[in-house]
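Survey of secondary and tertiary structure
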Amino acid sequence: MGWDLDAFAASTASVSDETAAMYCREVAAFSEWLADSRHGSGAADSWDPGPADVDLRMVRRYLAHLSTKGYARKTVARKATSLRRYFGWAERTGRVAADPTVGAMTPTRERRLPRVLRAEELGTLLDEPRAAVADDSRVRQARDIAVLELLYGSGLRVSEVCAMRVGDIDLPRRRLIVHGKGSKQRVVPLSEPAAVALEKWLDHGRPEMADPSTAGDSVFVNLYGRPLNTQAVRRLVNRRASTQTNPHALRHTFATHLLDGGADLRQVQELLGHADLGSTQIYTHVSRDRLRQVVEKSHPRA
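Presented here is an overview of the structure given in this document. (Residues numbered from 1 in each chain as written. Predicted model: local features only at pLDDT ≥ 70, side-chain atom pairs only at ≥ 80, totals over all residues. Heavy atoms only, no water.)

In this section: unusual backbone geometry. Positive phi is not limited to glycine here, since D4 has a value of about 50°. By the element assignment, D4 lies in the segment before α1 (5-10). Even without a glycine there, the phi angle at R174 is positive, about 50°. Turning to its location among the elements, R174 is positioned in the loop between β1 (169-170) and β2 (175-179). With relative accessibility at 37%, the residue R174 sits in the partly exposed group. (Helix = DSSP H or I, 4+ residues; strand = E, 2+ residues; numbered from the N terminus. Buried < 20%, exposed > 50% of the residue type's maximum accessible area, 1.4 Å probe, protein only.)

Pasting the structure below:
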């Protein structure tokens, strides 16, 4: 029986198209390794392995092979996740009798704590721009501030900012429909500064910068009038930042400041659009670390 990657991809409706394509690439790479490893062993017979031929020993050998080839632990763990996803589906659909990835150990991912921007860094980005950008046109400044206020004030992902459409914004009620990962939508509140910046951009900036023939209903556009992409947002943030940073640091800072202020973890999860609470829990470690630093710095007997 073949690997049926098209059918597998069709079953992954809960993830984005890019993630589904990655799963398929990882499984295809594993199937190629299986065939190559058999041929490389000197076996004379031709072997075209299918999912039903795979056992735990093969999965373990493959993951060990990746490690010896110098792949990062995060990469090996990602490839193992793709195989687990595939073989879980294959077992449910009767393509294999049992999932051969059960029991396969993978390297623990190195999970770095997210960087939280300092107050002075936020001030440079949002309130007191560097001299290098102080002479930007009024329209460009309006766009950049609106983007930055959404990244920090609403904790949006870069891709979510770029995917925004004019009809997603409800300024009177200060809320926004966000198109997140896996085609999931959520409604998030707009901070007052974000609402003000958006209104200024939509009323006075976008009409001047957008090219009606190419911009469509995208909220944000580049200097050529076309929809803004993720690379352009990263350049925008770095251009305005006092130190090298990235847009995701603003999202991290949003979540950490909410928890520092007493927000419930479940509420932060909903605002961030995390499907798994575990993805949000990393911010509790950041907040605890920040509180420890405050105590050590401020308490006389710390």
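Another aspect to go through is the pattern of salt bridges. Evaluation of the coordinates by the stated rule reveals 15 salt bridges. For the salt bridge of E121 with R118, the shortest nitrogen-to-oxygen distance reads 3.7 Å. Residues R165 and D217 are paired through a salt bridge, measuring 3.2 Å at the closest nitrogen-oxygen approach. Taken together, the residues R165 in the loop between α8 (158-162) and β1 and D217 in the loop between α9 (192-209) and α10 (230-240) connect sequence positions 52 residues apart. Residue R165 is classed as partly exposed on the basis of its relative accessible area of 31%. Looking at D217, the relative accessible area reads 40%, which means it is partly exposed. Each of R115, R118, E120 and E121 takes part in a single network of salt bridges with overlapping partners. (Salt bridge = Lys/Arg side-chain N within 4 Å of Asp/Glu carboxyl O.)

Below, the discussion takes up the pairing of strand β3 (residues 185-189). Sheet faces and side chains relate simply in a regular strand, where the side chains alternate between the two faces. Of the two faces of β3, the one holding R186 and V188 is buried and the one holding Q185, V187 and P189 is not buried anywhere. Sheet topology note: the β2/β3 ladder contains five bridges and is antiparallel. Looking across to β3, one finds that R175 is bridged to P189. Linking two consecutive strands that pair antiparallel, namely β2 and β3, is a turn of five residues; a positive phi of about 65° is found at G182 within it. (Pairing = 2+ DSSP bridges.)

Two elements in contact, helix α7 (residues 138-153) and α9, have axes separated by 8 Å at closest approach and are oriented at 145°. In this structure, α7 meets α9 at a crossing whose hand is left-handed. Contact with α7, carried on its side by R138, V139, R140, A142, R143, I145, A146, E149 and L150, involves P193, A194, A197, L198, W201, H204, G205, E208 and M209 of α9 and no other residues of that element. For the contact of α7 with α9, a count of residues per class yields 11 nonpolar, two polar and five charged. (Axes fitted to C-alpha atoms, helices over the stretch in contact; angles between N-to-C directions. Left-handed = near helix turned anticlockwise from the far one by under 90°. Contact = heavy atoms within 4.5 Å. Nonpolar A, V, L, I, M, F, W, Y, C, P; charged D, E, K, R; others polar.)

It is worth spelling out α10 at this point. For α10, the full list of buried residues reads A232, V233, L236, V237 and R240. Angular distribution of buried residues about the axis of α10 spans 140°; they occupy a single face of the element. Here the buried face of α10 lies against α5 (119-126), α6 (131-134), α7, α8 and α11 (247-260). The N-terminus of α10 is capped by N229, whose side-chain oxygen sits 3.3 Å from the backbone nitrogen of Q231. (Arc of directions from axis to C-beta. Polar contact = N/O pair within 3.5 Å; in protein donor to acceptor, adjacent residues only side chain to side chain.)

To continue, consider the side chain of R186. By the secondary structure assignment, R186 is in strand β3. At 2.9 Å, the side chain of R186 and the side chain of E160 are in polar contact. For R186, the contacting residues outside a window of four places in its chain are L156, R157, E160, L176, I177, V178, G180, R251, E270, L271, L272 and G273.

Moving on to the packing of aromatic side chains. Each pair of aromatic rings is reported with the distance of its centres and the angle of its planes. Tallying each qualifying case throughout the model produces 13 aromatic pairs. A ring pair is formed by F8 and W89, whose centres lie 5.5 Å apart and whose planes are at 50°; its orientation type is tilted. Of the two residues, F8 is situated in helix α1 and W89 in helix α4 (residues 73-92); the sequence distance between them amounts to 81 residues. Residue classification places W89 among the buried residues on the basis of a relative accessible area of 6%. A connected cluster of aromatic rings, assembled from ring pairs, spans W3, F8, Y23, F30, W33, Y62, Y86, F87 and W89. (Phe/Tyr/Trp six-rings, centres within 6.5 Å; stacked < 30°, edge-to-face > 60°.)

Strand order in the open sheet made by the three strands is β1-β2-β3, with antiparallel pairing throughout. The two strands at the open ends of the sheet, each matched to only one other strand, are β1 and β3.

Now for the nonpolar core. Core analysis: the largest hydrophobic core is formed by 42 residues, its most contacted members being L150, M164, L176, L198, W201 and F220. When contributions to this core are tallied by element, the ones reaching two or more residues are α5, α7, α8, β2, α9, α10 and α11. For this core, the element with the most residues is α7, which contributes eight residues. Not counting chain neighbours up to four residues away, the residues in contact with L150 comprise G155, L156, V161, M164, L176, L190, A194, L198 and F220. In terms of nonpolar packing, the next biggest core, distinct from the first, is built from 26 residues, M22, V27, Y86 and A90 among them. (Core = buried A, V, L, I, M, F, W, Y, C linked by side-chain atoms within 4.5 Å.)

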